[in-house]
Amino acid sequence: MTPPPAPTLLSRLVLDPSRADRVTHVEHVAARTGRTADWPDWADPLLVDRLRLAGVERPWEHQVQAASLAHGGSSVVVATGTASGKSLAYLLPGLTALLADERAGVLYLSPTKALATDQLRAVRSLNLMAVKAATFDGDTPREERDWVRRHGRFVLSNPDMLHRGILPRHADWASYLRHLKYVVVDECHSYRGVFGSHVALVLRRLRRICARYGSSPVFVLASATVSHPEVSAARLTGLPVIPVTDDASPRGATEFALWEPPLMPAIRGGTGGGEHGAPVRRSATAETADLLADLVVEGARTIAFVRSRRGAEAVSLGARRALSVAAPELVDRVAAYRAGYLPEERRELERRLQSGSLVGVAATNALELGLDVSGLDAVVLTGWPGTVASVWQQAGRAGRAGQGALAVFVARDDPLDTYLVHHPQALFGRPVETTVLDPANPYVLGPHLGCAAAELPLTEDDLPLFGESPEEVTAVRLLLADLVRRGILRSRPRGWFWTSRERPEVDIRGTGGPPVRLVETGTGRLLGTVDGGSAHSQAHEGAVYLHQGESWLVDALDLEESVALVHAEEPDYSTSARDVTDIAVVEELRARSYDGVDLFFGTVDVTHQVVSYLKKRHGSGEVLGEEPLDLPPRQLRTRAVWYTVSPALLEAAELSSADVPGAAHAAEHAAIGLLPLFATCDRWDIGGVSTALHPDTGTCTVFVYDGHPGGAGFAEQGYLRGAAWLRATREAIASCECPSGCPSCVQSPKCGNGNEPLDKAGAVRLLDAVLASGLAAVSAG
């Protein structure tokens, strides 16, 4: 008689009957066998021997294909799954070049220090003395930086250090840049939106400086599985790029579960704890903490990915607390891993992860984009990580050695998460997104033209580097003329010259003015900074701000001095800012008309004001109160997608004039929540406005706009994929089990109107009418 199969990790997690209904879907991802290839003839024999000693007997086919393209002089992007060995695709040609020419150089760029540290460890483990690998980042001691400049050949850095520390001092790097053979851009799918646009321009500046010194390096980009990676890579580098996407590495079978936390019991007279008595689900953070503890008890090496630093600390603390009761001997084998730690603390955590002395880790995506941790049994994703690519990037950390694995997606109380756990085909049956970035954004391009001129005077020959089409080159000329008019550049027959003795100050990770300093009240100690664009919502008076694992309460925000005064405090609540917004249409760039519905994409002026903040209890999400704020409005010229609905169509949808404001408002909130499924953005990167009668359109209008000056490409994706986006929005609202609206469907955590009025049923009727107008028949591609 055949014995019954051993219970899977997932089945053991749901042995408790109260948990069984939390799993809404299980996807079984089949195992895959690997396909190997011969080592290429051009690869250095010593390097091949060292790789064999490291356990790589034969490379995978995609590794050889990408490496050979790069060796032949073609820029290439390898877009394959997690743990598919993408690093060999650039190490093989890069290290071969270094071994063949003692002057050659390779520049490796990663979005996180953890990833650079891991790659440095991998390169040094090959014991190739001639390679001289070294990091050059914010953690590099001053005395080591001179050595790296003079002697480093495989230099590991990041776009920030390239922008601030290498390009402005290119003369100090002249010998290295003159012989630079390869530029490696690792995890290139993470460079999206405004940050991606900044990085694209930093790479163009690098190419320009290299050309000055007579080099033209080949770019090798490594990406998670994304749609059309060659398009994104070409936009990032400004070069034609060949894609390698056929993943030949083996993969173990994976059970991928979608998990919805339960509704909290009714409180205070039988109502929910949310706004206006709406039902609230148990927090995804608390649910993840329990899962992490249970998996550690099962002996499963697990990483729980959490979106925020605070969340990572809360999951780690919750898991340790649960283990202190169930298995006290395991408490010290769980920890949090996130950005903000001191370098030595981060290195110690990485060492414990690699050695296996840590069994459970709650991590921000600093680890998603980084450490090569093998032998994991399970991964827990706490809420939507921003893109389908990130979902698979995180889930792929489990089963790295080819064994079976478990991945669990735990939904937050959010429209997109709710939609995904009830529509698994949206996650498992659709192509991965294209990475969105726009280096032609004038609010990003203008400052980088100043940086480029400060590095070397700009000439006519440089303009096609910053504007690929004739229209873009014309836009570059207009920006240069504006910089001259403002006295930032000086125009001469030989080009455009930087006028100041000071270097340009451009923050490639921030927008919205100078950073706001966080200063401890009483001592004057500088704790850190907040992006100027985020200060109104994150550093307002009364805000709870988490900095390097400690909780701080903001006493006062001085916008003129760009200072927030804070004191240490551990309240039992978090804060969430609320805002009100007005919007005016500046220019319609594209439009499509249907039967009673018009869809537009264009330029808008947004007036935005943070007016209050909510206090929400940790764990339950219960709203404890709302406090008013007195902050000035801010102006933003950006891009938006919007649709209008005719009075006749509203009447056909049985929406009276009294119903329309609540229906449009609810549809707007849900649309903001669902757009990240179709554009590589976060819901906090975008905003929205809805009105029953907008003065610029003369009818009911719903806007969704990019929250960055000049736009970021997100709203444009909403326009291009309008039918699929609005269909998913309608389904997310209709499938939510709440009676009249909740945070899982139409309530927004940042609504300055107190989530009033909202009409859940009216929103479904409104979207049904919009989709029936002919819009739904439009291709979603």
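Preceding this section is the structure that the text describes.
Residues numbered from 1 in each chain as written. Predicted model: local features only at pLDDT ≥ 70, side-chain atom pairs only at ≥ 80, totals over all residues. Heavy atoms only, no water.

Peer 1: What am I meant to see in the environment of Gly-94 here?
Peer 2: Counting through the fold element by element, Gly-94 comes out in helix α5 (residues 86-100). When the C-alpha positions of Gly-94 and Pro-628 are compared, they lie 57 Å apart, and in sequence the two are 534 residues distant. When near neighbours in sequence (up to four residues on either side) are disregarded, Gly-94 contacts Val-106 and Tyr-182. (Helix = DSSP H or I, 4+ residues; strand = E, 2+ residues; numbered from the N terminus. Contact = heavy atoms within 4.5 Å.)

Peer 1: How do you make sense of helix α10 (residues 193-212) when you look at a structure like this?
Peer 2: With 20 residues, α10 should cover 28 Å at 1.5 Å per step; its first-to-last C-alpha distance of 29 Å lies within 8% of that length. Within α10, 17 of the 20 residues are buried, which leaves the element mostly enclosed by the surrounding structure. At the C-terminal side of α10, Gly-214 shows a positive phi close to 90 degrees. (Expected span 1.5 Å × (residues − 1). Buried < 20%, exposed > 50% of the residue type's maximum accessible area, 1.4 Å probe, protein only.)

Peer 1: Would you explain the environment of Ala-79 in this entry?
Peer 2: Tracing the sequence through the fold places Ala-79 in strand β2 (residues 76-79). Once the C-alpha coordinates of Ala-79 and Asp-582 are considered, the two residues, 503 residues apart in sequence, prove to be 41 Å apart. Leaving out residues up to four positions away in the same chain, Ala-79 has contacts with Ser-223, Ala-224, Thr-225, Pro-229, Val-244 and Thr-245.

Peer 1: Which parts of the structure should I look at to understand the packing of aromatic side chains?
Peer 2: This model, assessed by the stated rule, comprises 10 aromatic pairs. Pairing Phe-256 with Phe-428 gives two aromatic rings, centres 5.2 Å apart and planes at 75 degrees, and the pair type is edge-to-face. Linking Phe-256 in strand β9 (residues 254-259) with Phe-428 in helix α18 (residues 425-428), this pair joins segments that are 172 residues apart in sequence. Taken individually, Phe-256 and Phe-428 each receive the classification buried, so the pair is uniform in this respect. Between Arg-145 and the ring centre of Phe-136, over which it is positioned, the NZ or CZ distance is 5.8 Å. Geometry around Tyr-719 places Arg-592 over its ring, the cationic atom sitting 4.5 Å from the centre. (Phe/Tyr/Trp six-rings, centres within 6.5 Å; stacked < 30°, edge-to-face > 60°. Lys NZ or Arg CZ within 6 Å of the ring centre and 35° of its normal.)

Peer 1: Can you walk me through helix α27 (residues 760-772) in this structure?
Peer 2: The end-to-end C-alpha distance of α27, which contains 13 residues, comes to 18 Å, matching closely the 18 Å that a straight helix rising 1.5 Å per residue would cover. For α27, the N-terminal capping position is held by Asp-759, with its side-chain oxygen 3.3 Å away from the main-chain nitrogen of Ala-761. A positive backbone phi angle near 115 degrees is found at Gly-774, which sits one or two residues after α27. (Polar contact = N/O pair within 3.5 Å; in protein donor to acceptor, adjacent residues only side chain to side chain.)

Peer 1: Which parts of the structure should I look at to understand the packing of helix α12 (residues 284-297) against helix α13 (residues 309-326)?
Peer 2: For any two helices packed against each other, one specifies the crossing angle of their axes together with the interaxial distance. Two numbers describe how α12 lies on α13: the axes approach to 8 Å, and their chain directions differ by 50 degrees. If you check the angle between α12 and α13, you find them oblique. For the crossing formed where α12 meets α13, the hand is right-handed. Of the residues in α13, those touching α12 at Thr-285, Thr-288, Ala-289, Leu-292, Ala-293, Val-296 and Val-297 are Gly-311, Ala-314, Val-315, Gly-318, Ala-319, Ala-322 and Leu-323. Considering only residue class, the contact of α12 with α13 consists of 10 nonpolar, 4 polar and no charged. (Axes fitted to C-alpha atoms, helices over the stretch in contact; angles between N-to-C directions. Parallel < 35°, antiparallel > 145°, perpendicular 65-115°, else oblique. Left-handed = near helix turned anticlockwise from the far one by under 90°. Nonpolar A, V, L, I, M, F, W, Y, C, P; charged D, E, K, R; others polar.)

Peer 1: Is there a simple way to explain the pattern of salt bridges in this structure?
Peer 2: Where charged atoms from two side chains of opposite charge approach closely, those side chains can pair. Summed over all chains, the structure comprises 35 salt bridges. For Asp-247, the salt bridge is made with Arg-32, and the minimal N-O distance between the two is 3.3 Å. Of the two residues, Asp-247 sits in the loop between β8 (242-244) and β9 while Arg-32 sits in the loop between β1 (23-29) and α3 (45-53), which places them 215 residues apart along the sequence. For Asp-247, a relative accessible area of 13% gives the class buried. Here Arg-485 ties to Asp-482 by a salt bridge, and the two come within 2.5 Å at their closest N and O atoms. Of this pair, Arg-485 and Asp-482 both sit in helix α21 (residues 470-485), separated by 3 residues, roughly a single helical turn. Three or more residues are tied together by salt bridges with common partners; here these are Arg-22, Arg-282, Glu-287 and Asp-290. (Salt bridge = Lys/Arg side-chain N within 4 Å of Asp/Glu carboxyl O.)

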